[in-house]
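# Structure assessment
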Amino acid sequence: MPLLNANQAERAVPNARDIADGATAIASRSRRQWLKGMTLATGSLLIPISASWVASPEARAATGESAGESAGEPGDHLIEINDWIRIDADGTTVLGLSQCEVGQGVYTGLPQVLADELDADWRRVRVEFVTARDAYRTAAANEALQQFVGASMSVTLFYERLRIAGAQAREALVSVAAQRLGVRTTNCITREGRVIHPQSGRSLGYGELAADAAKLPLNPHPHLKTTAAHALIGKPMQRLDTPSKVDGSAVFGIDVNVPGMLIGAVRMAPTSGGTPLSVKNRDDIKARKGVHDVVIAKDAIIVVADDYWRAKQACDALDVEWKAGAAADSATILAERRAALTHGKPGIATDIGDAPGIIAAGGKVVTGEYHTPYIVHATMEPVNATVHVRKDRGEIEVWGPIQGQDKVRWALGGIFKLPPEKVTVHTTFLGGSFGRKYVPDFVIHAAVASAAVGRPVKVIRSREDDTRHGFYRPCASGRFQAVLGDDGLPRAMQLRVAGQSLYNVIKKENYEKVGYDETMLDGLYDLAYAVPNLRVEGVDVPQPNIPVSFMRSVGSTSSVFFLESFIDEMAEAAGIDPIVYRKRLLKHDALASAVIDTTVKAAGWQAPAKPGVHRGFGYCTYTGRGAAFSTYVAVAVEMRVVNDHFKIERVVCGVDCGRAINPNLIRANIEGGIGFALTNTFKSQITFANGGVEQSNFGDYPLLYLVEMPKIETVIVPSDRPPQGCGEVSLPPMAPAVAQAIRRATGVRPRAMPLPQTVAEARALAGGVAADAKGRA
């Protein structure tokens, strides 16, 4: 699993941003040519057990590949059994995948579910991205029914749906086979793409039966297999997309190549929220060789040319007059959040008992103030899209790494006054997203450019522009207070979080009814810990020119850092071991206790730590949006100080995410999430100065290096619950666990992310905190 693995709305967000350079596109193509050469020389880099990925018709069109060029492709007579299953006469089974593959493994996991209930021959299965049908749509919390990927809900929401689809097709195939064989359906069994009559030894392949099966009505309540009968669900199957990603044949958005296509490069404003007023040298740029047009969009300039290099060079040469945005600087934003913690008018999410009154009455009061910065998605694949606006037909066609297909349809349909069904979206693989490619701003840029030149246009953004004009995970600040009882446990807690809400991508009116943005209070308003008096509050601190959006784990990366750090502070004040403290607060929840016990045992923490090893622990009950699922996760972190630097050596993660469809995919998601979390914990922050973002690329927005990646041991707790989400769950508890390890190593408790990376930084931080406290006093 890559270090950054994958991993959200009704209104278009027409604020565009840009990422990637010409070298990226050139390197991508060169890599594929090299890999294909290696494949010819060695026969194969990988020989998969199951069928390797074969491009869908949409992807073949996007790459200019003809129908006959895909090795192993079935013929032209695929029979559609239902929305998810097509079968060729030769028995090849094509399984539809409505969820985009961003690295989380749905390209394998969801077809496993479908193929198991169908009893398909896994060796003859191939997967195609499908779109634009109601069967592929789901409803996120408070959002309209739509096709999208996000919030770790794919498996939870599609598990039963796909089982039913597979069972429906299986029953139809059995019905046709029984009639042809002259036997009862109850005397037939299915196995590996065949219907078998054991008594006579006769059998028929699915390919022979598909045409007649497709004419039968589907049973809305088919008989589903028992758990014991599953042959694929629960098995650690190899990923279907791995071979194509190794040999270079996988089609990502940046690989798309349609006939007559031009390339667009984007120039964004130097400040957040800036807009173009004029291009002073527009005619000169348009006169350049290979340049077709200079398109002025609402928030950017797009140069359209024959290739990316010409477009990017021309873009860099633009002389643009900009209207500056009014974004504040980071110091001002932090001051506003701190003021809101004291004086802001909060929305009250939870109010049990009389927490404010009990805290005001005094006693053993514990207080903690915590902060997290803005961070950006920083996907490996640049945001890009290819769009053909066909004005003469009243149609639009889109190719690319799209995380929200219906979001794109709504956005382009609204801009070009077309019904959404006139916008066709072809999904490619996504080279990372974490929520970024749900916002359709980059697709809008490509559409505007295509409409201007009358041809399909692929727009690729530079990484610098995407970093400086991204859609950021909001910053946040928290002030937590508690009064401890005689047993050391909290009698009352008051938790207030202040930050910029996600109202630009969620339906604000739904949250105004309750008075708070639930994403800001993830893990707090539905607190897992038992506290008899509890108030949870959220304060919106608007920043009109800073676009924000969903990012992997959304608000939990801030709120759980605040909460778990505060749990450690209360445990320390009570003189109780922090793991024992958590278990006492979770004694009402057997599943939570089991995950904690499993993690501690797997980490070997019954014995004292080895000399020089500093431990930290974190826990999270991760609840999906709209209470779609509940996943229990704990992390045990072991850290050493090496040449004054903090080095995370080992992480043990226990997780109960319901029934495991594919344990390999769960481990990959947990491991990738921990790597992502450690990047955020130690390195990630977006800062503003002079109205703009200071960071631009990986040089000043660094990622975790491979050498910094710890040994990770994932323990999957057996469960008979339905499958729950696991793509984001390992992120939230990591930062507080690391903070606790730093506390034990240095005596300093860091309360702001990114955390210090060295002992010297931690001690300097302690001095700064003391001076800040003295100044405020």
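Residues numbered from 1 in each chain as written. Predicted model: local features only at pLDDT ≥ 70, side-chain atom pairs only at ≥ 80, totals over all residues. Heavy atoms only, no water.

The chain goes by Acylaldehyde oxidase in an unreviewed UniProt entry, where it is assigned to Pandoraea norimbergensis.

## Let's talk about the overall build of the chain
Helix and strand content of the chain: 20 helices and 29 strands. Residues counted as buried form 60% of the 777 residues belonging to the chain. When the accessible surface of the chain is totalled, it reaches about 29,100 Å², and 53% of it is carbon and sulfur. (Helix = DSSP H or I, 4+ residues; strand = E, 2+ residues; numbered from the N terminus. Buried < 20%, exposed > 50% of the residue type's maximum accessible area, 1.4 Å probe, protein only. Areas by Shrake-Rupley, 256 points an atom, 1.4 Å probe, with all protein chains shown as cover.)

## Let's talk about the side chain of T599
As for its position among the elements, T599 is in helix 17 (residues 590-603). T599 gets classed as buried once you look at its relative accessible area, which sits at 0%. Dropping the residues within four chain positions of it, T599 is found in contact with F617, A634, V635, A636, V652, C653 and G654. (Contact = heavy atoms within 4.5 Å.)

## A short note on the pairing of strand 8 (residues 194-197)
Both strand 7 (residues 189-191) and strand 8 contribute to a ladder of 3 bridges, which runs antiparallel. By the bridge assignment for strand 8, I189 is matched with I196. Here strand 7 folds back onto strand 8 in antiparallel fashion, the turn holding 2 residues, of which E192 has a positive phi close to 50°. Sheet analysis places strand 8 next to strand 9 (residues 202-205), joined by 4 bridges and oriented antiparallel. The residue of strand 9 that forms the bridge with R194 is G205. The loop that links strand 8 with its antiparallel partner strand 9 comprises 4 residues; one of these, G201, has a positive phi angle of about 80°. (Pairing = 2+ DSSP bridges.)

## Digging into helix 4 (residues 154-181)
A rise of 1.5 Å per residue sets the reference length of helix 4, with its 28 residues, at 40 Å; its end C-alpha atoms lie 39 Å apart and thus fit the reference within 8%. Of all the bends in helix 4, the greatest, near 30°, is centred on E160. Just downstream of helix 4 lies G182, where phi reads positive at about 70°. (Expected span 1.5 Å × (residues − 1). Bend = angle between axes of the 7 residues up to and from the residue.)

## What to know about the sheet that holds strand 29 (residues 711-716)
Strand order in the open sheet made by the 4 strands is 24-25-26-29, with mixed pairing throughout. What marks the edges here is a single partner per strand, and that holds for strand 24 (614-623) and strand 29. Between one strand axis and the next, the sheet turns through 15° on average, direction left out of account. The pairing of strand 25 (residues 630-642) with strand 26 (residues 645-656) spans 11 bridges and is antiparallel. If you follow A634 over to strand 26, its bridge partner there is G654. Of the strands in this sheet, strand 24, strand 25 and strand 26 touch helix 19 (residues 734-746), which is tilted by about 160° from strand 24. (Axes fitted to C-alpha atoms, helices over the stretch in contact; angles between N-to-C directions.)

## As for the side chain of D522
With respect to the helices and strands, the residue D522 is situated in the loop between helix 14 (508-512) and strand 23 (533-540). Within the structure, D522 has its side chain in polar contact with the backbone nitrogen of G555 (distance 3.3 Å). (Polar contact = N/O pair within 3.5 Å; in protein donor to acceptor, adjacent residues only side chain to side chain.)

## Some points on the confidence of the model for the chain
Of all residues in the chain, 87% have pLDDT values of 70 or greater, and the mean over the chain is 88. Throughout residues 1-75 the model reports pLDDT below 50, and contacts reaching past four residues in sequence, or to other chains, amount to 210 contacts. (pLDDT = per-residue confidence, 0-100.)

## Some points on the sheet that holds strand 9
Strand order across the open sheet formed by 3 strands is 7-8-9, with antiparallel pairing between neighbours. For this open sheet the edge positions go to strand 7 and strand 9, each flanked by a neighbour on one side alone. On average, each strand axis in the sheet is tilted by 25° relative to the strand beside it, whichever way the strands run. Against the sheet, helix 5 (residues 206-213) engages strand 7, strand 8 and strand 9, with an angle of about 65° to strand 9.

## Some words on the pattern of salt bridges
Evaluation of the coordinates by the stated rule reveals 47 salt bridges. Measuring nitrogen to oxygen at the nearest pair gives 2.7 Å for the salt bridge that ties R479 to E369. One end of the pair, R479, is in strand 21 (residues 476-484); the other, E369, is in strand 16 (residues 364-372), with 110 residues separating them in the sequence. Notably, a salt bridge pairs E572 with R743, separated by 2.4 Å at the nearest N-O pair. On the criterion of sequence distance, the pair formed by E572 in helix 15 (residues 556-574) and R743 in helix 19 is long-range, its members being 171 residues apart. Connected through salt bridges with shared partners, the residues E101, R239, D241 and K245 form a single ionic network. (Salt bridge = Lys/Arg side-chain N within 4 Å of Asp/Glu carboxyl O.)

## Here's the deal with the packing of aromatic side chains
According to the stated counting rule, one finds 21 aromatic pairs in the structure shown. Ring centres of F480 and F562 lie 6.1 Å apart, and the angle between their planes is 85°; this geometry places the pair in the edge-to-face category. Remark: F562 occurs in helix 15 and F480 occurs in strand 21; sequence separation between them is 82 residues. Here F480 and F562 have matching classes, each one buried. Taken together, the ring pairs connect Y370, F480, F561, F562 and F566 into an aromatic cluster. The ring of F429 carries K245 above its face, with NZ or CZ at 4.8 Å from the centroid. (Phe/Tyr/Trp six-rings, centres within 6.5 Å; stacked < 30°, edge-to-face > 60°. Lys NZ or Arg CZ within 6 Å of the ring centre and 35° of its normal.)

## As for helix 12 (residues 441-453)
In this model helix 12 runs 19 Å from its N-terminal to its C-terminal C-alpha over 13 residues, within 8% of the 18 Å that 1.5 Å per residue would give. Of all the residues in helix 12, the buried ones are D441, F442, V443, I444, H445, A446, A447, A449, S450 and A451.

## As for the packing of helix 3 (residues 106-118) against helix 4
Viewed as axis vectors pointing N to C, helix 3 and helix 4 meet at an angle of 35°, and their least axial separation amounts to 6 Å. By crossing handedness, the relation of helix 3 to helix 4 is classed as right-handed. Packed against helix 3, whose contacting residues are V106, L110, V113, L114, E117 and L118, the element helix 4 presents S154, V155, F158, Y159, L162, R163, A165, G166, A167, A169, R170 and L173 at the interface. Its residues assigned to classes, the contact of helix 3 with helix 4 shows 13 nonpolar, 2 polar and 3 charged. (Left-handed = near helix turned anticlockwise from the far one by under 90°. Nonpolar A, V, L, I, M, F, W, Y, C, P; charged D, E, K, R; others polar.)

## Here we look at the environment of P440
Positionally, P440 belongs in the loop between strand 19 (423-427) and helix 12. Sequence separation of P440 and D406 is 34 residues, and the distance between their C-alpha atoms is 10.0 Å.

## Structural notes on the environment of Q199
Structurally, Q199 can be placed in the loop between strand 8 and strand 9. On the accessibility criterion, Q199 (54% relative accessible area) is exposed.

## Regarding the packing of helix 15 against helix 16 (residues 578-585)
Helix-helix packing is characterised by the crossing angle of the two axes and by the distance between the axes. Contact geometry of helix 15 with helix 16 gives a least axis separation of 9 Å together with a crossing angle of 105°. With respect to each other, helix 15 and helix 16 are oriented roughly perpendicular. Each of E564, I567, D568, M570, A571 and A574 in helix 15 lies in contact with helix 16, whose residues at this interface are P578, Y581, R582 and L585. (Parallel < 35°, antiparallel > 145°, perpendicular 65-115°, else oblique.)

## Re the pairing of strand 12 (residues 291-296)
Regular strands have side chains that alternate between both faces of the sheet. Bridge count for strand 12 against strand 13 (residues 300-305) is 5 bridges, and the pairing is antiparallel. Bridge pairing in strand 13 links V291 to A305. Adjacent in sequence and paired antiparallel, strand 12 and strand 13 are bridged by 3 residues.

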